[in-house]
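As a plain string of letters, each chain reads:
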Amino acid sequence: MTHLFAHVSPSDWADWRWQLRHRLRTADALEQIVPLTDDERRACAITADRFRLGVTPYYASLIDPDDPACPIRRQAIPTSAEALIHPDERADPLSEERDMPVPGLTRRYPDRVLLYTTHTCAVYCRHCTRRRKVSDPGSAPPRQHLDAAIDWIAEHPEIRDVILSGGDPLSLPDRTLDRLLGRLAAIPHVQIVRIGTRNPTSLPQRITPELCEIFRKYPPLYLMTHFNHERECTPQAAQAATRLAEAGCVMANQAVLLRGVNDSPEAQIALSHALLAMRIRPYRLYQCDLSEGTSHFRTSLRRGIEILDAMRGRTSGLSMPELIVDLPDGHGKVPIHPGHVVERAADHWVLRSYQGERVVVPEV
Ligand SMILES: *Cc1c(COP(=O)(O)O)cnc(C)c1O
Ligand code: SF4
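A few points on the structure. Just so we're clear, the structure is a prediction, and the values are computed from it rather than from any experiment. (Residues numbered from 1 in each chain as written. Chains lettered and ligands numbered in written order. Predicted model: local features only at pLDDT ≥ 70, side-chain atom pairs only at ≥ 80, totals over all residues. Heavy atoms only, no water.)

1. Comments concerning the overall build of the protein chain
1) Next: Per the secondary structure count, the protein chain includes 13 helices and 12 strands.
2) Next: Against the 2.2 N^0.38 benchmark of 21 Å for 364 residues, the protein chain shows a C-alpha radius of gyration of 21 Å, consistent with a compact globule.
3) Next: Taken along the three principal axes of its C-alpha coordinates, the protein chain extends 70 × 50 × 45 Å.
4) Next: By sequence separation, contacts in the protein chain at least 24 residues apart represent 75% of the contacts at least 6 residues apart.
5) Next: Entry remark: accessible area of the protein chain is about 16,100 Å², with carbon and sulfur atoms responsible for 54%.
6) Next: Each charge class in the protein chain was averaged separately, 45 positive and 46 negative side chains, and the resulting centres sit 2 Å apart. (Helix = DSSP H or I, 4+ residues; strand = E, 2+ residues; numbered from the N terminus. Rg over C-alpha atoms; globule rule 2.2 N^0.38 Å. Contact = heavy atoms within 4.5 Å. Areas by Shrake-Rupley, 256 points an atom, 1.4 Å probe, with all protein chains shown as cover. Lys, Arg positive; Asp, Glu negative; His and termini not counted. Charge placed at Lys NZ, Arg CZ, Asp CG, Glu CD.)

In structure tokens form, the structure reads like this:
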């Protein structure tokens, strides 16, 4: 905790409602904690009407005030590069609005759906794919939409997996989450529910014993976290993960590959190790989507593959996320791999080892 928060009582600091009430929402408020660069000040003004600024005191306390390239800072504080919209960028890069059988529910695959529960988040990530609607409270789904979406799921027996997304579903009150999970649990064909949340990263105080008691009632519950950097894996985050694991949640992490934040094998290995120590399995590393004003974060696909290739063998298979591109226009997610098949013949294959040797494996 930086000295500027030193006057906050430990009980306030540990209270997620206090953290939300005291979010830093303007350049002036941020400036109290982190001296802003001229560019960041300008960016706060330029981006104000496009994508809200919001940083919990907890997440702000992870920023190194002396380092303009701090990976936490880059995810939370805008730079003027956000004002640049590349011709390939789109407000809705994955065409999520098009593939909605009912409002607030995207169905792209046969057996699973994504349900938008709220458009509020504890921290507004500058790289957010859904910036078009996240942080716009006016666009949040009304309760009738959620009920209609759950009715739709109940009428479609082929749906076996429901992903609660948003915004951040943990921005909802406990009783709303309990009701939602209860309604889904009552649908016999829904086998699993996933909750996609950044709260363990941005507001770990939200993972209260009371919330975990609710989660405990609805197995199997998968918690999809969003840690992008080792420095986000704090003792508070670890305590949240312990509570979730003890409540029976299965945890997997979906990181985004971000230039200047985590685009090196060393940063990815450190992140994976820190996650595994918290019982969170690195699951995916996403290529940064083509949402508007994010080009400064995007790495080349070639770089993503190089990073994965450099990780292989240097650390365990458990540490390896899959590199995923969510294709533009709603064509769905595909993995891209460094490729270890060098040659394929009728009676043998040539495979590349992690050390670069070519090894012949007979075809049976
Ligand atoms: C990512 C996504 C899913 C889940 O895909 P998995 O590969 O099962 O993780 C489902 N629906 C939509 C619309 C998605 O974008
Ligand atoms: S938590 Fe998720 S939905 Fe919210 S701003 Fe960050 S990336 Fe976007």
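2. Focus: the packing of helix α7 (residues 143-154) against helix α8 (residues 174-185)
1) Next: Between α7 and α8, the shortest axis-to-axis distance is 10 Å and the interhelical angle comes to 20°. Taken together, the axes of α7 and α8 are roughly parallel relative to one another. Of the two elements, α7 crosses α8, and the hand of that crossing is right-handed. Facing α7, whose interface residues are Arg-143, Leu-146, Asp-147, Ile-150, Asp-151 and Ile-153, α8 presents Arg-179, Leu-180, Arg-183 and Leu-184. (Axes fitted to C-alpha atoms, helices over the stretch in contact; angles between N-to-C directions. Parallel < 35°, antiparallel > 145°, perpendicular 65-115°, else oblique. Left-handed = near helix turned anticlockwise from the far one by under 90°.)

3. Digging into the packing of aromatic side chains
1) Next: For the coordinates displayed, the defined rule picks out 3 aromatic pairs.
2) Next: When the centroid spacing of 5.1 Å and the interplanar angle of 55° are considered together, the rings of Phe-5 and Trp-13 count as tilted.
3) Next: For Phe-5, a relative accessible area of 6% translates into the label buried.
4) Next: Every member of this aromatic cluster is reached through a ring pair, and the members are Phe-5, Trp-13 and Trp-18.
5) Next: Seen from the ring of Tyr-116, Lys-133 lies directly overhead, with NZ or CZ sitting 3.7 Å from the centre.
6) Next: The ring of Trp-16 carries Arg-206 above its face, with NZ or CZ at 4.1 Å from the centroid. (Phe/Tyr/Trp six-rings, centres within 6.5 Å; stacked < 30°, edge-to-face > 60°. Buried < 20%, exposed > 50% of the residue type's maximum accessible area, 1.4 Å probe, protein only. Lys NZ or Arg CZ within 6 Å of the ring centre and 35° of its normal.)

4. Focus: the side chain of Arg-206
1) Next: Its place among the elements puts Arg-206 in the loop between α9 (199-202) and α10 (209-216).
2) Next: Under the relative-accessibility criterion, Arg-206 is labelled buried at 0%.

5. Remarks on the sheet that holds strand β12 (residues 358-362)
1) Next: Spatially, 3 strands are ordered β10-β11-β12 in an open sheet, and the strand pairing comes out antiparallel. Every other strand in the sheet has two partners, leaving β10 (341-344) and β12 as the edge strands with one partner each. The sheet shows a mean angle of 20° between the axes of neighbouring strands, taken without regard to direction. (Pairing = 2+ DSSP bridges.)

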